[in-house]
Amino acid sequence: MPDIFDASDYKKESKKNKVSKKKSPRKTIQKKNFPVKNGCKVDAYSQTLRNEKPTNNPLKAFAAKPVETEFDSQLEGEEIVLMLRRHPITLFKPVVISLIIFFLPFLFFSSPMLNFMTSKLITAFVIGWYMILTSFVLESFLTWFFNVFIITDERIIDVDFSSLIFKNVSSAKIDNIEDITVATGGVVASIVDYGTVYIQTSAEVPELEFEDVPNPNKVSKVLNELMLEEEQEKIEGRVR
Amino acid sequence: MSIFTNPTTESLNNFVVSIFKNCFVIGSVVSLIFAVVVIRQIATMKRTIKTSFSPVVQILGYLHLAISILVFFLFLLWL
């Protein structure tokens, strides 16, 4: 016998289905929570930095999650995720100049140019010459050491120490980044992998340049990950 | 000055040597000013970026200043 359609049974079934539908989890793209190593919250959303170990060496040109490093305008809870300097290969020119300055007096003394000078003056000349060399080496090192680019989980900061007299600190929020361009040119830059990262922003400073930094593609990737995280924070209402 | 009244080889030589002496002293003064600027700049930058290497940089700066002072007095008194 054919089953007689009972409307009450259908209603019960549909109710059951509705209940079961409610219980079933929604298909959403869930953010994978990776374990936060060494207390760095950036590891939770940056795959690039997750593979990097915290840097203890303060002289490193590519310092991911640098230890014992702070900057004066750092906000509470703001974390430095990347600190960059110019690639050490860019110090090649000052090193060559230093070597020339170092060996030049030997050339002078081998020639009869300084014969008219007394021994006292020659000693003073040597002392003065190496004093110039010391100053040049120190100035070159300081310019390299303090010329840093800092990427935090909230901002990008460009600290320019172009000479001993000029200091320029520019910063922009990650939300304000509009465009990132990586430029690598030249044989040496391609071999040792360094280049310039141009960051266009909608902030007061229209463009920030991270000049001759190591692993420019990695830097760009980190910035993209941070931008995505900022967007995610905005959507979820976690904006500071 | 004897070079203008009695221009001999010896007086000419002394004149050139005295110019060199003055140049060395002026150079050491410039070096001293540079060393002071370096110290000031290191202090400013140390405030801007604090790293574990900053104290070492400051020591280097002070060492440079000490050498500059030493060279200045050496040129001033010894030459």
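First things first, this report covers the structure right here in the doc. (Residues numbered from 1 in each chain as written. Chains lettered and ligands numbered in written order. Predicted model: local features only at pLDDT ≥ 70, side-chain atom pairs only at ≥ 80, totals over all residues.)

## A look at the overall build of chain B
Then comes step 1: From N to C terminus, chain B includes three helices and one strand.
Then comes step 2: Listing each helix as α and each strand as β along chain B from the N terminus yields α-α-β-α.
Then comes step 3: At 19 Å, chain B has a C-alpha radius of gyration far larger than the 12 Å of a compact globule built from 79 residues.
Then comes step 4: Seen through its C-alpha atoms, chain B measures out along the principal axes to roughly 65 × 20 × 15 Å.
Then comes step 5: Summarising the internal contacts of chain B: among those between residues at least 6 apart in sequence, 62% fall at separations of at least 24. (Helix = DSSP H or I, 4+ residues; strand = E, 2+ residues; numbered from the N terminus. Rg over C-alpha atoms; globule rule 2.2 N^0.38 Å. Contact = placed C-beta atoms within 7 Å.)

## Side note on the overall build of chain A
Then comes step 1: The number of helices and strands found in chain A is six helices and nine strands.
Then comes step 2: When contacts within chain A are restricted to residue pairs at least 6 apart in sequence, long-range pairs at least 24 apart make up 52% of them.

## A closer look at the sheet that holds strand 4 (residues 148-152) of chain A
Residues and elements named next belong to chain A.
Then comes step 1: Read across the open sheet, the five strands follow the order 1-3-4-5-6; overall the sheet is antiparallel. Of all the strands in the sheet, the pair left with one neighbour each is strand 1 (62-64) and strand 6 (168-173). For this sheet, the mean inter-axis angle between neighbouring strands, taken without regard to orientation, is 10°.
Then comes step 2: Here strand 1 pairs with strand 3 (residues 80-84) via three bridges, running antiparallel. Each residue of the ladder has a partner; that of alanine 63, found in strand 3, is methionine 83. (Pairing = 2+ DSSP bridges. Axes fitted to C-alpha atoms, helices over the stretch in contact; angles between N-to-C directions.)

## What about the interface of chain B and chain A?
Then comes step 1: Taken together, the 28 residues of chain B in the interface contact 27 residues of chain A.
Then comes step 2: At the level of elements, helix 2 (9-48), strand 1 (49-50) and helix 3 (54-78) of chain B are the ones that each hand at least two residues to the side of chain B that touches chain A.
Then comes step 3: For the side of chain B that touches chain A, the element with the most residues is helix 2 of chain B, which contributes 16 residues.
Then comes step 4: Classifying every residue of the side of chain B that touches chain A by side-chain character gives 17 nonpolar, nine polar and two charged.
Then comes step 5: Sheet analysis places strand 2 (residues 70-71) of chain A next to strand 1 of chain B, joined by two bridges and oriented antiparallel. Bridging across to strand 1 of chain B, Glu70(A) finds its partner in Lys50(B). (Nonpolar A, V, L, I, M, F, W, Y, C, P; charged D, E, K, R; others polar.)

## As for the environment of Lys21(B)
Residues and elements named next belong to chain B.
Then comes step 1: Here lysine 21 lies in helix 2.
Then comes step 2: By C-beta crowding, lysine 21 is classed as partly exposed, having 17 other C-beta atoms within 10 Å.
Then comes step 3: When the C-alpha positions of lysine 21 and leucine 79 are compared, they lie 6.5 Å apart, and in sequence the two are 58 residues distant. (Buried ≥ 20, exposed ≤ 12 C-beta atoms within 10 Å, placed from the backbone.)

## A word on the environment of Leu133(A)
All names here are of chain A.
Then comes step 1: Its location among the elements puts leucine 133 in helix 4 (residues 119-146).
Then comes step 2: Between the C-alpha atom of leucine 133 and that of phenylalanine 102, which follows or precedes it by 31 residues, the distance is 7.1 Å.
Then comes step 3: Setting aside anything within four residues of it in sequence, one finds leucine 133 in contact with Ser98, Ile101 and Phe102.

## With respect to the packing of helix 4 of chain A against helix 2 of chain B
When two helices pack together, their arrangement is given by the angle between their axes and by how far apart the axes lie.
Then comes step 1: Contact geometry for helix 4 of chain A and helix 2 of chain B: axes closest at 11 Å, N-to-C directions at 20°. Considered as vectors, helix 4 of chain A and helix 2 of chain B are oriented roughly parallel to each other. In this structure, helix 4 of chain A meets helix 2 of chain B at a crossing whose hand is left-handed. Contacts between helix 4 of chain A and helix 2 of chain B involve Leu121(A), Ala124(A), Gly128(A), Met131(A), Ser135(A), Leu138(A), Leu142(A) and Phe146(A) on the former and, on the latter, Val17(B), Phe20(B), Phe24(B), Gly27(B), Ser31(B), Phe34(B), Val38(B), Ile42(B) and Met45(B).
Then comes step 2: A per-class count over the contact of helix 4 of chain A with helix 2 of chain B returns 13 nonpolar, four polar and no charged. (Parallel < 35°, antiparallel > 145°, perpendicular 65-115°, else oblique. Left-handed = near helix turned anticlockwise from the far one by under 90°.)

## What about the pairing of strand 4 of chain A?
Residue and element names in this part refer to chain A.
Then comes step 1: Across the five residues that make up strand 4, a large majority, five, are buried.
Then comes step 2: Residue alternation in strand 4 divides its side chains into two sets, Val148, Ile150 and Thr152 and Phe149 and Ile151, and both sets are buried.
Then comes step 3: Pairing analysis gives four bridges linking strand 3 to strand 4, with the strands arranged antiparallel. Among the inter-strand pairings, leucine 82 is bridged to a residue of strand 4, identified as isoleucine 151.
Then comes step 4: Turn length for the strand 4-strand 5 (residues 155-160) hairpin, with the two strands adjacent in sequence and antiparallel, is two residues.

## Observations regarding the nonpolar core
Then comes step 1: Membership of the largest hydrophobic core comes to 40 residues, with the highest contact counts inside it found for Leu82(A), Leu84(A), Val148(A), Ile150(A), Val219(A) and Val222(A).
Then comes step 2: Tallying contributions element by element places strand 3 of chain A first for this core, with five residues.
Then comes step 3: Formed by six residues, the second largest nonpolar core is a distinct cluster that contains Ala124(A), Phe24(B), Val71(B) and Phe75(B). (Core = buried A, V, L, I, M, F, W, Y, C linked by C-beta atoms within 7 Å.)

Taken by themselves, the reported measurements are silent on function.
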